[in-house]
Amino acid sequence: MDADYSLVDKAFCDCVASGQHKRWPFAKLKPGKVLCDVWHAKGLIGNGGFHCLIGSLGKRQVRQLIQAHEYIGLPETGKLVEEAYTLFNDAKRSVADPADVDAIRQRCEPRMTEIERDYYGSESELISAAAQYVRENRSSFSSLPNQKSDYSV
């Protein structure tokens, strides 16, 4: 496994274990929360596409996710999240049954597939940016018990 991926995944797991992933309404985005938002979204999108992610988020959560991507230096990836969210919600409003995910997916195609392709194509850039973010914010992550040396990679 790639060293950057391992670093980010370790930091993410530590953040989740310490509760840094929880959403606090109107809270300032802190490094642990930023990392958790970006890495969790990557996992959801990778395991089910944007439909898997977007269907469970509200507008405020999407804005926070876009901002998290900007914080780690990936504003273009944040724009993909925003476009997928807009596309999904427009489709959801245009179907007879907003709970019918298959109908919503049909309305989103083929553009959603293109957005996902662009997102997947930037995965190595996302991993590198997230690893650099962990390194730049080492003090935020090293405050976790017994983890200081793990973030020096």
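Computed from a prediction, not measured in an experiment: that's the story for all the values here.

**Some details on the overall build of the protein**
Here's step 1: A tally of regular secondary structure across the protein gives eight helices and zero strands.
Here's step 2: Sequence-ordered secondary structure for the protein, helices as α and strands as β, is α-α-α-α-α-α-α-α.
Here's step 3: Put simply, of all contacts in the protein between residues at least 6 apart along the chain, 70% involve residues at least 24 apart.
Here's step 4: Split by element, the accessible area of the protein, about 8300 Å² in all, is 50% carbon and sulfur.

**Quick look at unusual backbone geometry**
Glycine aside, the phi torsion of most residues is negative, and most peptide linkages are trans.
Here's step 1: Between Glu109 and the following residue, Pro110, the backbone shows a cis peptide bond with an omega angle of 5°.
Here's step 2: Looking at the element boundaries, Pro110 is found in the loop between helix 5 (101-108) and helix 6 (111-121).

**Some details on the environment of Lys30**
Here's step 1: Position of Lys30 relative to the elements: it lies in the loop between helix 1 (3-17) and helix 2 (31-54).
Here's step 2: With 41 residues separating them in the primary sequence, Lys30 and Tyr71 have C-alpha atoms 9.9 Å apart.

**Some remarks on the nonpolar core**
Here's step 1: Grouped together as the largest cluster of nonpolar side chains are 44 residues, with contacts concentrated most on Leu35, Phe50, Leu53, Ile54, Ile72 and Phe141.
Here's step 2: Among the elements of the structure, helix 1, helix 2, helix 3 (59-71), helix 4 (75-94), helix 5, helix 6 and helix 7 (123-136) are those that each provide at least two residues to this core.
Here's step 3: Sequence-distant contacts of Ile72, defined by excluding residues within four places in its chain, comprise Val34, Val38, Ala129, Ala130 and Tyr133.

**Some words on the side chain of Thr77**
Here's step 1: For Thr77, the location among the structural elements is in helix 4.
Here's step 2: With a relative accessible area of 5%, Thr77 lands in the buried category.
Here's step 3: The contact partners of Thr77, leaving out residues within four places of it in the chain, are His69, Tyr119, Ser122 and Leu126.

**Concerning the packing of aromatic side chains**
Here's step 1: All told, the structure shown has three aromatic pairs when counted by the stated rule.
Here's step 2: Between Phe50 and Tyr119 the ring centres are 5.5 Å apart and the planes differ by 75°, which places this aromatic pair in the edge-to-face class. In this pair, Phe50 is assigned in helix 2 and Tyr119 in helix 6, connecting sequence segments 69 residues apart. Here Phe50 and Tyr119 have matching classes, each one buried.
Here's step 3: Ring geometry for Tyr119 and Tyr120: centres 6.2 Å apart, planes at 75°, overall edge-to-face.
Here's step 4: Exposure remark for Tyr120: the relative accessible area of 39% places this residue in the partly exposed category.
Here's step 5: Taken together, Phe50, Tyr119 and Tyr120 form an aromatic cluster joined through their ring pairs.

Rules and cut-offs
Counting from 1, residues in each chain are numbered in the order their sequence is written. Residues qualify for local features only when their pLDDT is at least 70, as the model is predicted, and side-chain atom pairs are given and counted only at 80 or more; totals for whole chains, interfaces and linings, by contrast, use all residues. Side-chain descriptors were evaluated using all non-hydrogen atoms of the structure, hydrogens and water having been removed beforehand. Secondary structure is summarised from DSSP: a helix means a run of H or I of at least four residues, a strand means a run of E of at least two, and numbering begins at the N terminus for each. Two residues form a contact once any of their heavy atoms are found within 4.5 Å. To be clear on the numbers: accessible area is Shrake-Rupley with a 1.4 Å probe, and residue cover counts the displayed protein chains and nothing else. Residues enter a nonpolar core if they are buried and are Ala, Val, Leu, Ile, Met, Phe, Trp, Tyr or Cys, with the set joined through side-chain atoms within 4.5 Å. Here the term buried applies to any residue with accessible area under 20% of the maximum for its type, exposed to any over 50%, and partly exposed to those in between, with areas from a 1.4 Å probe on protein chains only. The rule is short: rings of Phe, Tyr and Trp, with Trp giving its six-membered ring, pair when the centres are within 6.5 Å, and they are stacked under 30 degrees, edge-to-face over 60, tilted in between.

Function cannot be read off these values alone, since they describe shape.
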